[in-house]
Each structure stands twice: as structure tokens, then as C-alpha cells.
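Coordinate inspection notes
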Amino acid sequence: MRVLLLLFLSVAVFAQKIDRKEVIERHKVYNYTLDTLSTLSVGNGHFAFTVDATGLQTFPAYYAKGIPLGTQSSWSWHSFSNPENFQRSETYRTENYAGRPMTYALQAHKNARKDAATDYFRANPHRIHLGHWGFRIMLSNGSLASLKDIKDIKQILNPYTGEIQSSFSVEGVPVKVFTFSDPQEDIIYTNVVSPLLVSGRLSFQLDFPFPSQQFLDEGVTDAFPEKHKSFLSDSLLQKVIFHHQIDSLLYPVTILANEAIKVRNLGAHMFEIKSNQSAQVEMAIGFGEVRFSKFMAARLKGRKEWEHYWTKGGMIDFGQVKDQRAKELERRMVLSMYLAKVQSSSNEPPQETGLVYNSWFGRPHLEMTWWHLMHFAYWNKGEYLEKVLPWYERNFKAAKELAQRQGLRGVRWQKMTDPDGGESPSSVGSFLLWQQPHIIDMLDVIAKRKPVSFQEKYHYLVEETAFAMEDLLSWDSLRNVYRLGPGFIPAQESLPFSTTYNAPLELAYWYQGLRIAQEWRKTIGKLPNKKWAHILSHFPALPEQAGIYQAAEGYGDTYKNPKFISDHPTVAGAMGMVEPLPSTDPIKMHATLQKIDKVWNWESTWGWDYPLLAMTALRLHDSERAVDYLLKPVQKNTYLNNGHNYQDKRLRLYMPGNGGLLSTLAWMAQGQIGNPSFSGFPQSWKVKIEGFK
């Protein structure tokens, strides 16, 4: 009777309708200072515009080492010319994989030309910043206002509407700014109200930075003005069009206003745009070829899109939970959902720093695609995950060529890549394998809510991916099981490639991927693949010693080696992110988690490691430990005022951490409503849950 009563109460809590708007607006973001780590972004998933406390991009140099004031789009890619005629083949070098030669695109050739070719293809193509759109503010004495002149700051981001309201004053004169993005086009709309407009002391400024040609590009380089062109190409009463050209990349930037505007050239790549001295002005700035809407129509479209996003799919309300940790968890949840929509819902895999600033030259890392995007499907918002599928279809040929080069059937998915599927040379990335099964997992989770025709359409991607996975396994005749490696770097990147084999996460993922591929064959009416059946029935167990799962096979007790207790603790992912092997023992995985807790070098971890460990805790039905991991007080698990997952001075934001958090919370919700694979929230937490299937 008591069990039935508890079940009734539990269902009653879940059945309560969630006031989603109230939940989201509990976590509006407020800024009262020029905090370089609290910039705010608006955008639509394939375009994002990040603003400082003025509501526009007025002080890009000051914010460069914080969360930079980026303007980036999924199409904003550029390559420098290649006068030396470098060939990708010059980056190749042969190394052994499982006793056979295999060619990789690598760094450090100890040959001047090959190293130069490697540097070129590592950095090209790269994503660029499209331009800064900010204020130009004059003081009463005629000098240009600086940071110290910006007073009375109050800025609010409402994640429910995707709009930013900013207010500040200069010499006691107020300025109010309203900023939002078009829901489809690469356009920013802004409304500005201030007496400074009337006096002509407040105008707008557009400038075009040059690519830094560095691993990070924060979009503030004004060097090499002679290497690019910026010019006014058309000027009408209320409309001006600029063009920016870097080598073969040429794109327009169009400004529309609700009154007359005029342009003054301030430098080779900087322009002032001045309105007609009324106290209020509406402006829209579009990057690339865009279609403008009227200001109010664009605002209504944007609000409708955001309302659809927030009201569709899953939602969790922590408002009735007395545990103070729940409030912070809800804040991270809401702001991560907002940032995912703005930064990562594109038609290509995201880069790890979203559309704010470049990391790794702006290139996406395919092993992070799961962490960026899988949460959309778990939250019953699968259409945002589906957007990336055409990228895999379009770059199937490049993945096929990579597989053939390495002597594999099927397709071999790249690690660090670009819009055209080009492989970036790397001393680590080229040896990674765990990005390979991602597409199978992503397609399978989408297929659960689709008719069989979806599997029929995408079966070739699953099949060809699985063929390469099969070829990367070899037979271990001494143990009568298959073996993965040696000759790869696992997700725990501190292990050497030449001697590493049977790393736990990769093993479990290989089994899961081949199992799914086999099931898809049956679903669409094909006979089971006999080789895959043999592999699945002769699969190795996770490497262990004294009841503790190890980082890889053949190294003994890996917890005694400082290198092997640093970086990602992905041994836990073999029963967390990935479903456990049939042979995996929960008791041993529990002991493994205990060991990780005790000895791991936490300063070496990354933002997605805490969700990774929380997922393992959920599969072990330990909700309290899962919450502890999600909120573990480590620098790289910091979530800033704006919701970004801070890592260090280099990576001031890190989108895989946000995505991992969301996936974990979705799993907790599913566990709470009856999925036996996971535990739910801690027993005393009265959460409201809806929209998960």
C-alpha cells in the first residue's frame, strides 16, 4: 500500500502542468558592470552576435580575452591562398595500426616543406568574424568616450524571448538599447533611444577585422590592412551596403534604418553610420545575402520561434525542490538550453566555442558532436539534431576516401574537419577513433521517433560506418576474441597511440554501434551480417585489474601512472555515455568510480567529464553522486553568469560541457518517469517533469 501511495504521489507531481515561461524567466541574465566574462549572445543556431554591456559590440578589444564579441555564421569560412601549391598528401605519414601500415594526416614531419603543408591545411579553411557593429560615443568635450565613461549599466537577457535590453549613461545622459536576432536570417535588429542621438554624439560603427591566422581568433586583429578590402558599395536614403573581401571571399553587409542615415569613412576597414538626429532609431544589420523583415514583424517571428523552442519537448521544473543545489542546476539547465539553440543548432557540426570565437581555427571536432547535439533528441527536440545529418551525407565521399587511404572498407569519419570534410593534420586527433560510432548513435536515437522509411533512407550511413568499424577490429587467437588496436589514441588522450588497445569507452561503443547496425539490417528486411554476429558473440570484456576497470589493456594498474589519471576519465563512459557491455559488472564499475574519485587529477579534466561521470552514476542508480558530479567544484566545471562553461584563459567557453549537462538531466528525467536504464533525481527532490518520451 505504501509503495502504491508513493507511486501515486510521484505521478501526481509529474502530471502537474509546468509553467515553462516562469521557469525560463527565473533565469534571466543580469549585467551591471563591464564584465568581460558576461557577454550575451543572440542568434538562431547558424548565426550568432555577441554583445557587451552597451547592447552592441562597442568595445571588442577590451572583451577579447573574455567572452569575445563575435559575429559568426555557418557560412563564414575563408582560406588563404596556397602559392606553394601544398598538397594534402604532403601531410601524410605511415604508422602501424594492429600490425599493418596505415597513413595519417600528422604534424611534426621534421621536413620544412611537409611541416609548412601541415600548418597550411591545419589552419585552412578557418571560420572568420564577419564584422563588429557597435556604438561610437562622443563626450561633450569632443573626445571619444571610453570604458570609464560608461555608467549606470543595467542589462537583461530574457532567454524566453531571445532578447537583450541594455541601458547605460554617458555624462549623465541615458541610452536604452534593445537587441535581438532574426530567427532564420543572419540579421541583428536593434532599437536605440537616447538624447545623445539628437545631439549627434551617439552614432554607430562598423569595422571589419582580419583573420588572426592563429589557433584562437577573437576577431580583433587590425593588422595587415592591405590584405583585405572594405568598401561602401551602395548608399540610399535609409539603406547602405558594404562589402568585405579577403582573397576570394566576398560578402555584403547591409544596414537598414527607419530614417535617413549617412556614412563616414573612419579608416581602411572602419565606418561611422549616423542617423538623422531623432531621439529614437531602429536599425537592422544583415551579414551576407539576407532578406529583411520590418522591425516588429521580425520581433514577432523571433518570439514565436523561441516560444516554439521552449514549449516543445521536455521540461524540468526544480522550483519545489528544497535542496539549494537544485536552483543552480536549473540555472545551468535553462541557460545551456538557450546557448544550445543560439550556438549549436546549425546544419554543420559546431565548433567547441560555438559561434563566439574560434578554437582550433574554427573547425568542428566530430568526437564532440555527440556532446554538442545529442541532448536535443533526449529532450524530444530531435529536429535540431537532424539539422546536422546533411553534413554527413555531403561529406560521405571524403570519409570514404579517408577509409580507402587507410585500407578500410566503408567510411572513416574525421576528427578535426571543415565544411568540406577535409581532414586536419594533428598529432593527436588523427589517431582518435571514438567519433566513428557517433553517427550510428545519432541516427538510432532519431529513428526511435520515425517511421521505418527513415532507416531505409539512412541505412547506408550506418552500414558503411559499421564496415570500417569491423575492419578496425582484429582477431586475438590466444583469447578467441576480437581486439581494437593497438594503434589509436582513446578519448582519454593522455595514452600513447602505438601501444594502446581495448580502451573501455571505445570497446563499449564498438559493441553498441555494431549491435545497432545489425538491428537496422533486420528492421529494413536484410539478413543479419554474419561477421558482425561473430564479433558480437566474441567480444572482449573491459580490461580490469583487482576488480577495477583500467584505462586500456596491457598497462597493468593504470591508476599508478600519473599520465593515466589525467585528461578525461573515460573508463567510466563505458557504462555511462555508452551502454554497458553484456560482460560489464556494475559492482566493478562502482569500484572504478570510487577509484577515480580518490586519485584523479581533476585539474586536467574538461567540461564534459562531469556529465560523463554523472551518466555513469545514473546507470549505477546513484542519483546523489550524479548531482555531485554535475556540480563538482572544479574550475572547468564553472558556469558563468551567462551560462557558459568556463575552462581556462584559453577556452573561456566550452559548449560540450553545456550539452553534456543537458543530456544528463534528460536521462535523470527519463529515469524518474520509469526508464530502468537510469536512476532519476534524488528521492527527496519534488521535480516536475513533462514532454519526455
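So, a few notes on the structure that sits alongside this text. (Residues numbered from 1 in each chain as written. Predicted model: local features only at pLDDT ≥ 70, side-chain atom pairs only at ≥ 80, totals over all residues. Heavy atoms only, no water.)

1. Quick word on the overall build of the protein chain
Put simply, the rule reads: Helical segments are the DSSP runs of H or I of at least four residues, strand segments are the runs of E of at least two, and each set is numbered from the N terminus. Here the globule rule reads 2.2 Å times residues to the power 0.38, and the radius of gyration is calculated from C-alpha atoms. Exposure classes here rest on a 1.4 Å probe applied to the protein chains alone. A residue is buried below 20% of its type maximum, exposed above 50%, and partly exposed in between. Accessible surface is estimated by sampling points in the Shrake-Rupley manner with a 1.4 Å probe; for residues, cover comes only from the protein chains shown. For the charge count, each Lys or Arg is scored as positive and each Asp or Glu as negative, with His and the chain ends excluded. Just so you know, the charge point we use is NZ for Lys, CZ for Arg, CG for Asp and CD for Glu.
The secondary structure content of the protein chain amounts to 19 helices and 28 strands. Taken over the C-alpha trace, the protein chain has a radius of gyration of 26 Å; the compact-globule value for 693 residues is 26 Å, and the two agree within 12%. Each principal axis of the C-alpha distribution contributes one length, and for the protein chain these read about 85 × 75 × 50 Å. For the protein chain, with 693 residues in total, the buried portion stands at 63%. Accessible surface, the protein chain: about 25700 Å² in total, of which carbon and sulfur atoms supply 53%. Here the protein chain contributes 77 positive and 69 negative side-chain charges, whose respective centroids are spaced 2 Å apart.

2. Topic: the nonpolar core
Note the cut-off: Only buried Ala, Val, Leu, Ile, Met, Phe, Trp, Tyr and Cys residues count toward a nonpolar core, and they belong to the same one when joined by side-chain atoms within 4.5 Å. For this analysis, residues touch if any pair of their heavy atoms sits within 4.5 Å.
Ranked by size, the top nonpolar core spans 209 residues in total, and within it Phe318 and Leu665 carry the most contacts. Not counting residues within four places of it along the chain, the set of residues in contact with phenylalanine 318 comprises Arg26, Ala326, Leu329, Glu330, Met333, Leu665, Phe681, Trp685 and Val687. By size, the runner-up hydrophobic cluster in this structure holds eight residues, among which are Phe178, Phe180, Ile187 and Tyr189.

3. Things to note about the sheet that holds strand 18 (residues 262-267)
Spelled out, the test is: Any two strands with at least two DSSP-identified bridges between them are counted as paired. Each axis is a line fitted through C-alpha atoms, and for a helix only the stretch in contact is used; angles between axes span 0 to 180 degrees, taken between their N-to-C directions.
With antiparallel pairing, the four strands of this open sheet are ordered in space as 9-14-19-18. Both edges of this open sheet fall to strand 9 (132-137) and strand 18, since each of them pairs with a single strand only. Shown here is a sheet whose adjacent strand axes are inclined to one another by a mean of 30°, direction ignored. Relative to strand 14 (residues 202-207), strand 9 runs antiparallel, the two sharing six bridges. Residue pairing across strands places phenylalanine 135 opposite phenylalanine 204, the latter belonging to strand 14.

4. Here's the deal with the packing of aromatic side chains
We count it as follows: Aromatic contacts are taken between Phe, Tyr and Trp rings whose centres are within 6.5 Å, Trp giving its six-membered ring; a plane angle under 30 degrees counts as stacked, one over 60 as edge-to-face, and the others as tilted.
Taken as a whole and assessed by the stated rule, the structure comprises 46 aromatic pairs. For the pair phenylalanine 215 and phenylalanine 361, a centre-to-centre distance of 6.5 Å together with 80° between the ring planes defines the contact as edge-to-face. Pair noted here: phenylalanine 215 is in the loop between strand 14 and strand 15 (229-235) and phenylalanine 361 is in the loop between helix 7 (325-343) and helix 8 (369-378), with a separation of 146 residues, a long-range link. With respect to class, phenylalanine 215 is no different from phenylalanine 361; both count as buried. Look at tryptophan 667 and phenylalanine 678: their rings are 4.6 Å apart centre to centre, the planes differ by 20°, and that puts the pair in the stacked class. Of this pair, tryptophan 667 sits in helix 19 (residues 655-672) while phenylalanine 678 sits in the loop between helix 19 and strand 28 (688-690), and the two are eleven residues apart along the sequence.

5. Side note on empty space enclosed by the protein
Which parts of space are left empty comes out when a probe the size of a water molecule is rolled across the atoms. Filter applied, for reference: Think of a 1 Å grid over just the protein atoms. A cavity is a set of points where a 1.4 Å probe fits yet cannot get out, a pocket is an open set with protein on both sides within 12 Å along at least five of seven lines, and lining residues have an atom within 4 Å of a point. Grid points are joined across faces, edges and corners, and a volume is the space filled by probe spheres set on the points. Three residue categories are used. Nonpolar comprises Ala, Val, Leu, Ile, Met, Phe, Trp, Tyr, Cys and Pro, charged comprises Asp, Glu, Lys and Arg, and polar comprises the others, including Gly.
Per the counting criterion, the structure on display carries six cavities of 30 Å³ or more. As a volume, the largest cavity reaches approximately 80 Å³. Forming the boundary of the largest cavity are 17 residues, of which Gly43, Gly162, Ser181, Gly302 and Trp306 lie nearest the centre. Counting residues per element, the lining of the largest cavity draws most heavily on helix 6 (residues 295-311), which supplies five residues. Tallied by class, the residues present in the lining of the largest cavity amount to five nonpolar, six polar and six charged. Here the second largest cavity defines a volume of roughly 60 Å³. When the residues that make up the lining of the second largest cavity are grouped by side-chain class, the tally is three nonpolar, seven polar and two charged.

6. Overview of the pairing of strand 15
Relative to strand 16 (residues 239-246), strand 15 is paired through six bridges, and the arrangement is antiparallel. By the bridge assignment, serine 230 is partnered in strand 16 with histidine 244. The hairpin turn running from strand 15 into strand 16, its antiparallel successor, is three residues long.

7. Considering the pattern of salt bridges
Counted only if it meets this: Any Lys or Arg side-chain nitrogen found within 4 Å of a carboxyl oxygen on Asp or Glu counts as a salt bridge.
A complete count under the given rule lists 40 salt bridges for this structure. Salt-bridge contacts for glutamate 330 lead to arginine 26; the nearest nitrogen and oxygen are separated by 2.8 Å. Of this pair, glutamate 330 sits in helix 7 while arginine 26 is found in the loop between helix 2 (20-25) and strand 1 (29-31), placing the two residues 304 residues apart along the sequence. Overall, arginine 26 belongs to the partly exposed group, its relative accessible area being 33%. The salt bridge partner of arginine 521 is glutamate 463, with a shortest N-O separation of 2.4 Å. Placement of the pair is arginine 521 in helix 14 (residues 504-523) and glutamate 463 in helix 13 (residues 452-471), with a sequence separation of 58 residues.

8. Digging into the side chain of aspartate 217
Filter applied, for reference: Think of a polar contact as two N or O atoms within 3.5 Å of one another; within protein, one of them needs to be a possible hydrogen donor and the other a possible acceptor, and neighboring residues in sequence only count if both atoms come from side chains.
Mapped onto the fold, aspartate 217 is located in the loop between strand 14 and strand 15. Within the local environment of aspartate 217, its side chain forms a polar contact with the backbone nitrogen of serine 212, the two atoms lying 3.5 Å apart.

9. Looking at the side chain of asparagine 637
Relative to the helices and strands, asparagine 637 is located in the loop between helix 18 (623-630) and strand 26 (638-639). A distance of 3.0 Å separates a polar atom in the side chain of asparagine 637 from the backbone oxygen of leucine 630. In this structure, asparagine 637 is in contact with Arg332, Tyr610, Tyr629, Leu630, Leu631, Lys632, Asn645 and Tyr646, ignoring residues within four places of it in sequence.

10. Some points on the sheet that holds strand 4 (residues 71-73)
If you trace the three strands from one edge of the open sheet to the other, you get 2-3-4, paired in antiparallel fashion. Since the sheet does not close on itself, it has two edges, and those belong to strand 2 (40-43) and strand 4, each with one partner. Here the average twist between neighbouring strands, direction ignored, is 20°. Sheet topology note: the strand 2/strand 3 (residues 47-51) ladder contains four bridges and is antiparallel. The residue of strand 3 that forms the bridge with leucine 40 is valine 51. Across the sheet, helix 7 touches strand 2 and strand 3, and the angle it forms with strand 2 is around 50°.

11. Side note on helix 4 (residues 112-123)
Heads up, the rule is: Each residue after the first adds 1.5 Å to the expected span of a helix.
Counted at 1.5 Å a residue, the expected span for helix 4 with its twelve residues is 16 Å, and the 17 Å between its end C-alpha atoms agrees. Residues of helix 4 that are buried include every one of Ala117, Thr118, Tyr120, Phe121, Arg122 and Ala123, and no others. Buried residues along helix 4 sit in contact with strand 8 (126-127). Capping the start of helix 4 is the job of one residue whose side-chain oxygen sits 3.1 Å from the backbone nitrogen of arginine 113: asparagine 111.

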